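# Breakdown of the fold
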Amino acid sequence: MTTLDGKSTFALQELKGKVVYMDFWASWCPPCVKSFPFLNQLEHELKDKGLHVVGINLDEKIADAQAFIANNPVDFSIVADGNKQCAKVFELMAMPTSYLIDKKGNVRHIHQGFRSDESQQLRALITQLLTE
């Protein structure tokens, strides 16, 4: 994967030892807009406890993703899955879809869509993984 400006970035294997909240999103996805404040909050509150939030963009045009980020600033990592390989590996079915990955690299929870009333449940799952 690359950053939105085309620079090479990390491989998921490099995040082993951290809890990863991996969120697939696109600029055309209304629930994605609603999820970004929650993701920013997670990054601020739990980064120092071992959480790494990464947003994986699936837009066809990087300019669409860049415009989205300009209007919805983020404090977490954003990468582009230009060839959709990561989305294929994770068998992505809906937007947004989030994967909670434990410190050993195992997918422990998959969450499709985003509804703010589910954020407390997601936070509880993340907290549990951080303490393991």
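Scope of this entry: the structure provided in the associated data block. The model shown is predicted, which means the values in this text are computed figures rather than measured ones. (Residues numbered from 1 in each chain as written. Predicted model: local features only at pLDDT ≥ 70, side-chain atom pairs only at ≥ 80, totals over all residues. Heavy atoms only, no water.)

For the rest of this paragraph, the subject is the pattern of salt bridges. Tallied over the entire structure, the rule returns five salt bridges. One salt bridge in this structure joins Lys-47 and Glu-43, with 4.0 Å as the shortest N-O distance. Its relative accessible area of 9% is what places Glu-43 among the buried residues. Among the charged side chains, a salt-bridge network with shared partners connects Asp-102, Arg-108 and Glu-132. (Salt bridge = Lys/Arg side-chain N within 4 Å of Asp/Glu carboxyl O. Buried < 20%, exposed > 50% of the residue type's maximum accessible area, 1.4 Å probe, protein only.)

This part is about helix H2 (residues 62-71). Given 3.6 residues per helical turn, the α-helix brings residues three or four places apart onto the same face. Buried within H2 we find Ala-65, Phe-68 and Ile-69. Mapping the buried residues of H2 onto a view down its axis gives an arc of 95°, with all of them on the same face. Exposed residues lying more than 90 degrees from the buried face of H2 are Ala-63, Ala-70 and Asn-71. Looking at the packing, one finds that the buried side of H2 touches strand E1 (19-25), helix H1 (30-46), strand E2 (51-57) and strand E3 (77-80). (Helix = DSSP H or I, 4+ residues; strand = E, 2+ residues; numbered from the N terminus. Arc of directions from axis to C-beta. Contact = heavy atoms within 4.5 Å.)

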